[in-house]
Amino acid sequence: MSAPKASTPKASTPKASTPKTSGGTALKLAIVGGGSTYTPELIDGFARLRDTLPIGELVLIDPAADRLELIGGLARRIFAKQGHPATVTVTTDLTAGVADADAVLLQLRVGGQAARNQDETWPLECGCVGQETTGAGGLAKALRTVPVVLDIAERVRRANPDAWIVDFTNPVGIVTRALQSAGHKAVGLCNVAIGFQRKFAGHLGVDPELVRLDHVGLNHLTWERGVTLLDGPGSASGREVLPELLAGFGKEIAEDLHLPRAVIERLGVVPSYYLRYFYQHDAVVAELREQGSRAAQVAEIERRLLELYADPALDTKPDLLGERGGAFYSEAAVQLIAALLGTGGATSVQVVNTRNDGVLPFLPDDAVIEVPAEVDAAGVRPLPQRPLEPLYAGLVAAVTAYEHLALDAALHGGRDRVFDALLAHPLVGQLDLADRLTDRLLAHNREHLAWA
């Protein structure tokens with residue numbers, strides 16, 4: 001079978017959504033990958049925040065019919081428990097499921113936890129970080145995922161061209177770039193920014209909505225260069241409190257990131273957790289060799305979750321789900337979808353993954369960056385950024401070049417393209433290493449790569 005053909009990249013202005021309010025037509029949302037054990041986290045957020053996002057129908061779409069029925073049943077019980085009027089339907093038919101949906105959420109894991117376990121183990125054989133979104137493992141996930149997501153998106157476009165596609169699927173930056181380059185009405189979402197917002201608000205003892213981040217970079221490669229404490233709800237002004245946070249809570253912040261406090265204080269910024277794979281690569285490799293893969297841990301959590309979900313008396317998300325990961329995703333998703341569909345009122349500022357279009361002038365326009373953006377029914381408009389310091393800009397430029405090559409490999413296939421992407425990655429960058437990693441990536445992913 002031939003590799004998927006690349007779509008002609010083009011900039012597009014999404015068609016504005018018709019604003020909907022809680023007093024008007026209720027929304028229809030579709031979740032592709034609805035059989036995930038993580039779905040009840042989204043359901044809980046939709047139920048709690050129904051005034052912000054008035055859902056009338058939620059469709060869970062997944063090829064795994066057995067899991068789909070299990071998750072669908074729990075979703076109905078959660079909605080009923082919280083008095084939510086929405087209906088929940090389940091289907092294995094993508095075209096039927098996305099028909100007339102206002103937004104389609106993508107949360108896929110091609111190959112499941114078994115493929116993730118491989119992504120997290122074979123790179124360690126070469127002395128490299130084994131991680132599902134970063135380095136060689138992240139490339140493997142991108143190669144498996146991009147063709148599947150583009151096929152889904154094209155089917156969504158044929159069935160429902162006005163629907164927004166909201167991508168949670170990792171690696172979010174590469175997947176979103178693939179979607180936007182193919183002209184889809186898509187935006188990517190990650191929970192790193194909202195996680196920082198919530199933690200900083202907790203340190204300051206304020207409502208999270210009063211905390212605004214100067215968040216900049218690429219997906220899983222970002223820094224908080226500033227934190228503004230707004231003067232009040234809806235205010236556009238406030239005072240800078242990052243130095244105050246670092247002085248008063250530097251120890252806690254550093255422990256959360258597993259980075260030395262002295263480094264964070266010297267930089268004067270808060271890097272995302274994923275920067276540890278770059279800043280302390282060899283130490284992380286040693287740790288990963290000792291502790292085993294995260295995928296194995298998640299697989300066990302998922303097994304236990306499915307047992308809980310099968311209980312017909314369960315009508316709330318279980319505490320165990322918090323160990324699955326993805327904290328605050330449901331709140332971020334509600335805020336983003338409500339803004340895109342016009343149910344959230346005025347234009348809101350949210351951190352998203354979207355097309356660069358000159359915001360970071362040293363990157364190509366079609367690069368996907370992760371920055372605050374104005375979001376409303378007219379679309380997504382990334383906010384201007386002050387110049388990015390060389391210490392961060394260099395790494396952002398290098399990883400952006402890797403992402404370009406990774407997308408090229410995902411679209412066209414071929415060993416040479418895989419090798420080029422690995423050689424360009426800052427965590428690889430050596431001929432022999434890239435060669436060995438390429439061999440292992442292909443050996444472990446042949447069943448998912450039509451061209452391999």
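These numbers come from a predicted model, not from an experiment. (Residues numbered from 1 in each chain as written. Predicted model: local features only at pLDDT ≥ 70, side-chain atom pairs only at ≥ 80, totals over all residues. Heavy atoms only, no water.)

(A) Fine view of the overall build of the chain. For the chain, the helix and strand inventory stands at 16 helices and 13 strands. Scaling as 2.2 N^0.38, a compact globule of 452 residues should have a C-alpha radius of gyration of about 22 Å, and the chain matches this with 21 Å. Expressed along its principal axes, the backbone C-alpha trace of the chain runs to roughly 60 × 55 × 45 Å. Taking all 452 residues of the chain together, the buried fraction comes to 56%. When the accessible area of the chain is evaluated, it comes to approximately 17,900 Å², of which 52% is carbon and sulfur surface. Across the chain, the mean location of the 43 positive side-chain charges is 2 Å away from that of the 55 negative side-chain charges. (Helix = DSSP H or I, 4+ residues; strand = E, 2+ residues; numbered from the N terminus. Rg over C-alpha atoms; globule rule 2.2 N^0.38 Å. Buried < 20%, exposed > 50% of the residue type's maximum accessible area, 1.4 Å probe, protein only. Areas by Shrake-Rupley, 256 points an atom, 1.4 Å probe, with all protein chains shown as cover. Lys, Arg positive; Asp, Glu negative; His and termini not counted. Charge placed at Lys NZ, Arg CZ, Asp CG, Glu CD.)

(B) Quick peek at the environment of valine 399. For valine 399, the location among the structural elements is in helix α14 (residues 390–412). Setting aside anything within four residues of it in sequence, one finds valine 399 in contact with Leu218, Leu221, Phe278 and Pro426. (Contact = heavy atoms within 4.5 Å.)

(C) Representation of the pairing of strand β4 (residues 103–106) in the model. Where burial is concerned, the two faces of β4 agree: the one with Ala103 and Leu105 and the one with Val104 and Leu106 are both buried. Note that strand β1 (residues 27–32) and β4 share four bridges and pair parallel. Note that in β4 the partner of isoleucine 31 across the bridge is leucine 105. In this sheet, strand β5 (residues 164–167) lies alongside β4 in parallel orientation, the contact comprising four bridges. Bridge pairing in β5 places leucine 106 opposite aspartate 167. (Pairing = 2+ DSSP bridges.)

(D) Highlighting helix α8 (residues 242–257). Under the 1.5 Å per step criterion, the end-to-end length of α8 is only 16 Å for 16 residues, more than 12% shorter than the ideal 22 Å. At phenylalanine 249, α8 shows its maximal kink, close to 90°. Looking at the packing, one finds that the buried side of α8 touches α7 (192–204), β8 (221–230), β9 (238–240), α9 (261–267), β10 (270–271) and α10 (276–279). Immediately beyond the C-terminal end of α8, within one or two residues, lies histidine 258, with a positive phi of roughly 55°. (Expected span 1.5 Å × (residues − 1). Bend = angle between axes of the 7 residues up to and from the residue.)

(E) Fine view of empty space enclosed by the protein. This structure, assessed with the given rule, holds two cavities of 30 Å³ or more. By volume, the largest cavity is sized at about 140 Å³. Looking at the largest cavity, it is lined by 16 residues, and the ones nearest its centre are Thr133, Thr134, Asn219, Val399 and Glu403. Where the lining of the largest cavity is concerned, the elements lending two or more residues are α6 (172–181) and α14. Grouping the constituent residues of the lining of the largest cavity by class yields seven nonpolar, eight polar and one charged. Roughly 40 Å³ of internal volume is contained in the second largest cavity. As for the second largest cavity, its lining consists of Phe196, Lys199, Phe200, His203, Ile253 and Asp256. Secondary structure elements with two or more residues in the lining of the second largest cavity: α7 and α8. Ranked by the residues each element gives to the lining of the second largest cavity, the list is headed by α7, at four residues. Tallied by class, the residues present in the lining of the second largest cavity amount to three nonpolar, one polar and two charged. (1 Å grid on protein atoms, 1.4 Å probe; cavity = no way out; pocket = protein on both sides within 12 Å on 5 of 7 lines; lining within 4 Å. Points joined across faces, edges and corners; volume = space filled by probe spheres on them. Nonpolar A, V, L, I, M, F, W, Y, C, P; charged D, E, K, R; others polar.)

(F) Structural context of unusual backbone geometry. The omega torsion of the bond from asparagine 170 to proline 171 falls at -5°, within 30 degrees of zero and hence cis. By the secondary structure assignment, proline 171 is in the loop between β5 and α6. Positive phi values are uncommon outside glycine, yet aspartate 100 reaches one of about 70°. Along the chain, aspartate 100 turns up in the loop between α3 (94–98) and β4. Exposure remark for aspartate 100: the relative accessible area of 66% places this residue in the exposed category.

(G) The pairing of strand β2 (residues 55–61), seen in detail. The buried count for β2 comes to five of seven residues, which makes it a mostly enclosed element. Strand direction decides the pairing type here: β1 and β2, joined by six bridges, are parallel. Within β2, the position partnered with valine 32 by the bridge is isoleucine 61. As a crossover connection, the stretch from β1 through helix α1 (residues 39–48) into β2 is right-handed. (Right-handed = clockwise from strand over helix to strand, strands pointing away.)

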